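# Reading the structure
Chain residues, written in single-letter form:
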Amino acid sequence: MKGGRNDGGERGDSFEYKDDGLVGLRELPGFFTALFMNFVHRLKDVFLGNDFGGENFSWRIIVQVRTYSVALAFFIIWSVSSLLVQKLDPFGMMKALDSYSSELVERLAAPFYGSAAQDEIAVVLINERTLESRQTSWPPRYTYYEEVVRRVLASQPKAVFVDVILKDHRAYDDTLPTAVAALREDIQELGDAAPPILFAKMDAAGSSLFREAGVSEVLTAWANTSGAYPLVVTPGISYGANSALVNAEKKQEPPPCQNGLNPETAAMALYRIACDGNNPACAESASLMSGDALCRPVQVQWGRMVSPIMQEQSQIEVAGCDMNVSEGAGRFWSFLRITALALVQALDDDAQEEGRQRCPYTVTVMEDNLGTEEADRLLKNRIVLIGTNLDGIHDLVKSPVHGMIPGVYLHAMALDNLMTWGRGHYSTSKNEFPILIALGALTALAVSILLRSRPRRVRLWLHFLAIFMVLVPSLVLYFVFRQPPLDWLGLFILVELILHLPHWKSQDRGGVVELSEGGKG
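This structure is a prediction, so every number in the text was calculated from the model and none was measured.

### Some points on the packing of aromatic side chains
Scanning all chains against the criterion turns up eleven aromatic pairs. With centroids separated by 5.0 Å and ring planes inclined at 65°, the aromatic side chains of Trp421 and Tyr426 adopt a geometry described as edge-to-face. The buried category is assigned to Trp421, whose relative accessible area is 17%. A residue is classified by how much of its surface remains accessible, and Tyr426, at 6% relative accessible area, is buried. A connected cluster of aromatic rings, assembled from ring pairs, spans Tyr113, Tyr361, Trp421, Tyr426, Tyr478 and Phe479. The residue whose ring lies beneath Arg170 is Tyr142, and the NZ or CZ to ring-centre distance is 4.4 Å.

Given below as structure tokens:
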């Protein structure tokens, strides 16, 4: 036997066994090389063998009429099944699979997200601890907001956005006039050096209580966008008097998005400030954002890797969080860990939670640290967003990377996306129907060619084909065209169900191949 022991103790073809049963040290490299080559040959036999090189295969199959007859049958079944499943959506299964398909891809891609914009944006966070340190509770008096903004302004930010809805005057709090007058005075003292200050509001008809201080207002509430972040709010997706509900009651179609005529959301307004010139952190000038690009909502992509400056400045606890590193190895290791945890979710209830990133991607300063030297360095020349993380205040959004996270980080992440990609930001496809038709036609043709080629392991090849034809287009859509991936989990299940239908046979002159046999008929 090759590599075995000869009767006379002579050297074999590739290595020699010693009397103690161990391989000699000199022969170890050859021994492992032989094992590896043997493993490769066995893999080749298992997956390929003579599957496509034997007498059953002919390139003429591709142009034969019978191939396209089988393909047409498969395509009809694919189309009817897909249409029924998508329209009926039994038990909400397809919607759930579609959502999870996108979430999983975004979670796995998150370690590789990174841009210079991370050094241009910061969040100032208010929570129970920071309120307690200021000897107050929620909701604080109106003068508290003026004090927070004033302390942020002392750090010389590029812009300030307050992500707190202040629209209803609390009768028991008489500090509003004082707070408004003080904020107006703060802005006047800074003169031309005063950065833009924006306050949140829910709808175009409403306004912030601090409007009279000379601040700008931006919309932070919308509906009917399927989780996407709009850059402008049209009547079809807004709250308030111009909402889609009111238009529906009047049986009027809400007007379409019109450039310059619809109020902008927080991220878009901040993007115009951040990228108003030659900012190297921006992919392009914000002045180019118009027309169709402005009307397409952003499918927000979340980053995972925490800025190293957070570890250096010790603003929040970052122990155990994935840190942003220039080396690809650290990012790839994070990707492998997330993938492994995703694969064992059914076996470990805590696996999904362990895969979450505890720390926010955006640089964060706690409100009670404002005024310190470290906070001033972090906030200087940055776009600063002020938000809350309070129990009982349900200003939370779901991130595929972090789980539930304060809503202010959604605005920060949408701004980061805009600075990174500009008009090429991720957005939902207007119509996936042509993509699904093309995918169905290609899959049907590939299945037909495979069946008529009669490989020995036909069912194994069909499984590989199903994975390839569903997963690859989804990844191309995501990484090349910057669109959410197709419902690849749902499509894969649908293809597998169709392939498992009884009576699928490969017909040819020489005989019949049953899928259940996976071999020669």
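### As for empty space enclosed by the protein
Here the structure, examined in full by the defined rule, presents three cavities of 30 Å³ or more. Each pocket or cavity is described by its volume, and for the largest cavity that value is around 50 Å³. Its residues assigned to classes, the lining of the largest cavity comprises four nonpolar, three polar and three charged.

### Some details on helix H14 (residues 408-421)
Compared with an ideal rise of 1.5 Å per residue, which puts 14 residues at 20 Å, H14 spans 20 Å between its outermost C-alpha atoms and is within 8% of the ideal. Among the 14 residues in H14, 14 count as buried, and that is most of the element. Positive phi shows up at Gly422, right after H14, with a value of about 60°.

### Details of unusual backbone geometry
Here the bond from Trp138 into Pro139 is cis, since omega is -5°, no more than 30 degrees from zero. Residue placement: Pro139 occurs in the loop between helix H4 (128-133) and helix H5 (142-153). The phi angle at Gln135 is positive, at roughly 55°, despite the residue not being glycine. Mapped onto the elements, Gln135 comes out in the loop between H4 and H5. The exposed category is assigned to Gln135, whose relative accessible area is 77%. One non-glycine residue, Gln156, adopts positive backbone phi at about 60°. Counting through the fold element by element, Gln156 comes out in the loop between H5 and strand S2 (159-162).

About the criteria used
- Residues numbered from 1 in each chain as written.
- Predicted model: local features only at pLDDT ≥ 70, side-chain atom pairs only at ≥ 80, totals over all residues.
- Heavy atoms only, no water.
- Phe/Tyr/Trp six-rings, centres within 6.5 Å; stacked < 30°, edge-to-face > 60°.
- Buried < 20%, exposed > 50% of the residue type's maximum accessible area, 1.4 Å probe, protein only.
- Lys NZ or Arg CZ within 6 Å of the ring centre and 35° of its normal.
- 1 Å grid on protein atoms, 1.4 Å probe; cavity = no way out; pocket = protein on both sides within 12 Å on 5 of 7 lines; lining within 4 Å.
- Points joined across faces, edges and corners; volume = space filled by probe spheres on them.
- Nonpolar A, V, L, I, M, F, W, Y, C, P; charged D, E, K, R; others polar.
- Helix = DSSP H or I, 4+ residues; strand = E, 2+ residues; numbered from the N terminus.
- Expected span 1.5 Å × (residues − 1).

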